Each structure stands twice: as C-alpha cells, then as structure tokens.
Amino acid sequence: MLRFDDLQLFVRAADLGSLSAAARVMDLSPAVASAALKRIEQQLGARLLARSTRSLRLTAEGEGFLEYARAALGSLDEGRRLLASGQDHVSGVLQLSAPSDFGRNQLLPWLDEFQREYPQLTVRLLLGDRIADLFRQPVDIALRYGEPEDSSLIALPVAPDNLRVLCAAPSYLARMGAPRHLEQLAQHNCLLYMLGSRVHDHWSFHDGKREVSLTVSGDRFSDDADVVRRWAVAGVGIAYKSWLDVSTDVLAGRLRVILPELRGERTPLNLLCAHRAQLSKPINLLREMLVSRCAKLTAQRLELLTSG
C-alpha cells in the first residue's frame, strides 16, 4: 500500500524540480527522501523521476502518475476538512451503554433534552448492568458505576462523589418500622442485587470513625438494578442503592432515606471509552451535561441529609 507521505514527497519533488528541495520543505533528510522515492517506485514497478547530480525530471510514467497522486492527496485533504467541519457540528450517531436503573430513570429524560438541543444527533442506547465490551459491542462509550476493572479503558469521572443510600417506601416503614441501628437490618427484608453470579448481600457503611458492615438477607433478588428500585417503591423491603438511581423517588416522597447518619459505599459514575479518539464533540458535550446534572443531584442529597 502506498504511503501518504511518500505521495506527498513525490508531488513536492515534481513541483520543485528537486528531491533535496522537497526534502527540506518536508523536514526530511536527503537519505530518507531518497529511500521514500525508491520505495514508491518499487511499489508501482515504474521509475517516476529521472535523476542526475544536477537535475531531476519526470519520466513518462511519472507524468502519467502525477495527476492521480495529486487527486489522491486532494481527496484525503477534503476528507480531513470534512471531519474537521463535522467536529464543529453536533451531528451523527452517539452510541452509548448505561446501567439499567440510571439509564431508564435519569439518563432517558436528559437525552431527550440533549437531542432537542442538537436535533441532528441520533442516539443509540443500550441498557444493562453487565460490563459492556467496548472493543466488541457497537457502542462508543459506556456509563458505569465503580472503577473499571480493565485498566486499558479510558475512565472520565461523571459523578465521583456518588454514594449508596439505604432507602425504603413510607408504606414499608409504616408497616415494619424504620431500623434505628444498622444491626436491626437483620430483622428486615433486604432487596438484593445480583451481578453475574454474585449477590450483593454484604453492605458496608462508614459511621464517621470506622467502616461497619454486615451481611443481609431477603426474599428476592434480581440482576436488573431497576427491578430492585421498583420493589423498594412498591414497599416490599429495604434497598441499598446508588443515590443517582433513587434520588428522584426520594425527592418525590416515594422512598425515604434510612439511617442518614451513616455514609454509604462510594459508587462513582464514570464515562468509559476504549480510545481518547472516540471523545468527539457530542460525547464531550454529553459528559458536560451529565457532570452538571449529577452534581446538582449530589448537592440535593447533601441538603436533604443535612436538613434531615
């Protein structure tokens, strides 16, 4: 395959009538320029330039090939300009993956607003709690809780201060009573979340001095985080959920935070991508919006727990 820089060198040499002059313009050594010209002639199987110690001229084959080389370079430059102009406009296809609960209950309305602002943008959204394979699945970015297990992924913070909170519906608390101490969770129906083959039944907190934790149990679990939230809203038990997932329900009164004096597990939300080159203008604008919205929800959590 012909190299772009070799084609550039050939065209420059033909225009300037000198291989050494072309080398100086392209900041190449004479040896590198000579090797590049030799390489392109070998690949084409034809001699393009007739050289002597004092002059350089196009051969018949070189004259015939020159117009195609110019056209090829022109097409590449046009392609670069097209990409550059596309980066100035928010359009194209935005492919992303998000957790089921956060995706349905927070991200969907935010994406609706985002597309109203940028109507030329098409969104493809995959929802699920399993880790998206960014090298195989048709997504550009993924929103995921926790630190990425794959160190090769680029992780950009969206909500670094997000925490889990204990919560239950007012109807459940009226029926079963609200636990006053962490140990009393053993007397309650705890709604469990399952990722892969592991049930998240070991709940950890910080009481301001040390970490405290316990193993809980309940009569139901699901691998879909949104199902756990729905069970909690329905009043069947206590959930230990990301604040971002339940904030709307808490602020609307459908859920109440339990034991607010305990600091729940840190659950940062990150934007993951395989390569920084994937961080297009639409993705950067989306991240800016997500950071702003999540920061507002975090502030509401602090205000709620402080006032409570």
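Our subject is the structure listed above.
Report on the accompanying structure. (Residues numbered from 1 in each chain as written. Predicted model: local features only at pLDDT ≥ 70, side-chain atom pairs only at ≥ 80, totals over all residues. Heavy atoms only, no water.)

### Focus: the overall build of the chain
Step number 1: Counting its regular elements, the chain contains 9 helices and 16 strands.
Step number 2: Here the C-alpha atoms of the chain give a radius of gyration of 30 Å, more than 25% beyond the 19 Å that 2.2 N^0.38 yields for 308 residues.
Step number 3: Split by element, the accessible area of the chain, about 16,900 Å² in all, is 51% carbon and sulfur.
Step number 4: The distance from the centre of the 38 positive side-chain charges to the centre of the 36 negative ones in the chain is 2 Å. (Helix = DSSP H or I, 4+ residues; strand = E, 2+ residues; numbered from the N terminus. Rg over C-alpha atoms; globule rule 2.2 N^0.38 Å. Areas by Shrake-Rupley, 256 points an atom, 1.4 Å probe, with all protein chains shown as cover. Lys, Arg positive; Asp, Glu negative; His and termini not counted. Charge placed at Lys NZ, Arg CZ, Asp CG, Glu CD.)

### Notes on the sheet that holds strand β10 (residues 202-206)
Strands in a sheet are paired, the pairing made by backbone hydrogen bonds, and the direction either parallel or antiparallel.
Step number 1: The sheet built from 3 strands is open, its strands ordered β11-β10-β15 with antiparallel pairing. Either end of the sheet is taken by a strand with one partner, and the two such strands are β11 (211-215) and β15 (263-264).
Step number 2: Pairing between β10 and β15: 2 bridges, direction antiparallel. When the sheet's bridge partners are listed, F205 is paired in β15 with G264. (Pairing = 2+ DSSP bridges.)

### Considerations on the packing of helix α1 (residues 4-16) against helix α3 (residues 30-44)
Step number 1: Their axes nearest at 9 Å, the elements α1 and α3 cross at an angle of 105°. The angle between the axes of α1 and α3 places the two elements in the roughly perpendicular class. Counted together, D6, L7, L9 and F10 of α1 and A33, A36, L37, R39 and I40 of α3 form the full contact between these two elements.
Step number 2: Considered class by class, the residues forming the contact of α1 with α3 number 7 nonpolar, no polar and 2 charged. (Axes fitted to C-alpha atoms, helices over the stretch in contact; angles between N-to-C directions. Parallel < 35°, antiparallel > 145°, perpendicular 65-115°, else oblique. Contact = heavy atoms within 4.5 Å. Nonpolar A, V, L, I, M, F, W, Y, C, P; charged D, E, K, R; others polar.)

### Considerations on the side chain of D101
Step number 1: For D101, the location among the structural elements is in helix α5 (residues 100-117).
Step number 2: Contact partners of D101, with chain neighbours within four places excluded, come to Q106, A225, D226, R229, K241 and D245.

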